[in-house]
Amino acid sequence: MQTLNIPPAPRYSLTRARIPGALLEPPVRDWPVDWEGSVLVDLVVDDGRVAELRPAGTGASDLAGVDLDGRMVWPTFVDMHAHLDKGQVIPRVRPDGTLHGGYAITIGDRERWVVEEMRVRMEFGLQCAYAHGVSAIRTHLDSVTLALAERSFGLFADLRREWADRVDLQAVAIMPINAYLSPLGRELTELAARHDGVLGGVTDTLALVNDAYEQLDEALDALFALAHEFRLDVDLHVDQSSNLAAFTLPNIARAKLRANFEGRVVCGHCVNLSLQPDEVVDTTLALARAADLSFASMPAGMMYLMDRAPGRTPRWRGVTAAKEIMAAGLPLAVGGDNCRDAWFPYGDHDMLDTLKQAVRVFQTDDPMKGALEMATRTPADIIRRPDLGRIGVGLPAKLVIFSARSVNSLFCRDQADRIVINRGDRVLDALPRHEDLAKALGM
Ligand SMILES: [Zn+2]
């Protein structure tokens, strides 16, 4: 596969590429599809963009090119939920497998988070993502104090500039939601706005403390007022708990409606939704539709953390009500989330791996409708990048070529030999090595 000879840019053809119809822009109309809904196409790349796209064999071309012989070609992936600032700290940090342990261990580790140290780890994460074919990442940045947030956003701005041609970056300020009830809320909003960022927060922590729902609603109102004033989108960590009482999703929907907030609002995790009685799921999703909410699920981390008890195998899968969210017509993306940190000791910023895990744990493979978009088109739309996560004429030629010739093969066999194309150019960067990282960090 690595011997596949991609011609040098600017102009070449890829013939007999197999692309899932759902990942074409516009979605496939009357072209012949195979049993999985994929289309065999010829495409022309010119000056970093897809210049032509037609059913295979229908266009005569003597352009230099590669015959892909039915190999799958996907748009590059979008990871709309990552935590680049705290990743890659194994073995310096040893997770205890619980959500609350993760908080406590991270607070201790933050003492080491000086700019040079964070840069090594964040760059490592970006190198992994880029080599795996991820071309946009929205990362949350811990913002529990203004000093920490300013340091992280400053470094983020440098990395965003340095990586602009390879991985597009967005940042979300994350802290307990009640920060919006203090002057820190406005300070963080101003900081996020200066970096074209997004407002975040963790809602269920407040709900769990003394059942403080009144304060939760007040904090949400303050958040939406600030987000409206600064014209920012909102991306929250919601209900990462099996506790049915710590259920803040309806509060978020009502607060958005109360505020007539017109920006995008993403609710990440929402895992206890899948434990609620059916009628609560139905009414909550009707409310979410009225409020035009979007959802993000991070299956790998949640399967690891939820329903964990010493000596006992988990009985619950720990993920959100994915099928019900999709059936309600609400956008559902998947994200990579924590990577080699105090919450989740594994991961490699490979969104194909995340997607494969999601499809299996959600059981959204029969039919596959809507599932393939969870790591491509859907997150791209949520983060306002309609040029990413799909393949269409005029869009950037950001592609991943797999040796697999069907979605089934793609999901069965490791795709370590994938070829990533960035704006028409083959990416030759190798995955960075864990042992080099450990040496650089003195671990
Ligand atoms: Zn997260």
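Details of the structure are given in the entry above.
Throughout what follows, the structure given in this document is the object of discussion. (Residues numbered from 1 in each chain as written. Predicted model: local features only at pLDDT ≥ 70, side-chain atom pairs only at ≥ 80, totals over all residues. Heavy atoms only, no water.)

**A few points about the coordination of the zinc ion**
- Note on the zinc ion: its protein donors are His81 (NE2), His83 (NE2), His237 (NE2) and Asp337 (OD). The metal-donor distances range over 2.0 to 2.5 Å.
- Donor residues binding the zinc ion come from one chain and are separated in sequence as H-x1-H-x153-H-x99-D. Of this pair, His83 sits in the loop between β7 (77–82) and α1 (99–109) while Asp337 sits in the loop between β14 (332–334) and α11 (351–362), placing them 254 residues apart in sequence. Each member of the pair His83 and Asp337 is classed as buried. (Donors = N, O, S within 2.8 Å, 3.2 Å for Na, K, Ca; no water. Helix = DSSP H or I, 4+ residues; strand = E, 2+ residues; numbered from the N terminus. Buried < 20%, exposed > 50% of the residue type's maximum accessible area, 1.4 Å probe, protein only.)

**Concerning the sheet that holds strand β13 (residues 294–297)**
- On the basis of which strands lie adjacent, the open sheet formed by 8 strands has the order β7-β8-β9-β10-β11-β12-β13-β14 and parallel pairing. Looking along the sheet, the strands with just one partner apiece sit at the ends: β7 and β14. Strand-to-strand twist across the sheet, computed as the mean angle between neighbouring axes with direction ignored, equals 25°.
- Of the strand pairs in this sheet, β13 and β14 are connected by 3 bridges, and their pairing is parallel. (Pairing = 2+ DSSP bridges. Axes fitted to C-alpha atoms, helices over the stretch in contact; angles between N-to-C directions.)

**Description of the nonpolar core**
- Counting residues in hydrophobic clusters, the biggest one holds 91 residues, and the most contacted among them are Trp74 and Phe295.
- Sorting elements by how many residues they give to this core places helix α6 (residues 213–230) first, with 9 residues.
- Dropping the residues within four chain positions of it, Phe295 is found in contact with Leu249, Val266, Cys267, Cys270, Leu285, Ala288, Ile325, Leu330, Pro331, Leu332, Ala333 and Ile382.
- Listed in part, the 23 residues of the second largest apolar core include Val39, Val50, Val73 and Ile391. (Core = buried A, V, L, I, M, F, W, Y, C linked by side-chain atoms within 4.5 Å. Contact = heavy atoms within 4.5 Å.)

**Some thoughts on the pattern of salt bridges**
- Within this structure, the stated rule accounts for 30 salt bridges.
- The partner of Arg11 in a salt bridge is Glu52, with the nearest N and O atoms 3.7 Å apart. One end of the pair, Arg11, is in strand β1 (residues 11–20); the other, Glu52, is in strand β4 (residues 49–55), and 41 residues separate them in sequence.
- Connected through shared salt-bridge partners, Arg92, Asp109, Arg112, Glu117 and Arg121 make up one network. (Salt bridge = Lys/Arg side-chain N within 4 Å of Asp/Glu carboxyl O.)

**A few points about the side chain of His83**
- The exposure class assigned to His83 is buried, which follows from its relative accessible area of 4%.
- Polar contacts involving the side chain of His83 include one to the side chain of His237, which spans 3.2 Å.
- Among the polar contacts listed, one links the side chain of His83 to the side chain of Asp337, at a separation of 3.2 Å.
- For His83, the residues in contact, after removing those within four places along its chain, are Thr139, His140, Ile174, His237, Asp337 and Asn338. (Polar contact = N/O pair within 3.5 Å; in protein donor to acceptor, adjacent residues only side chain to side chain.)

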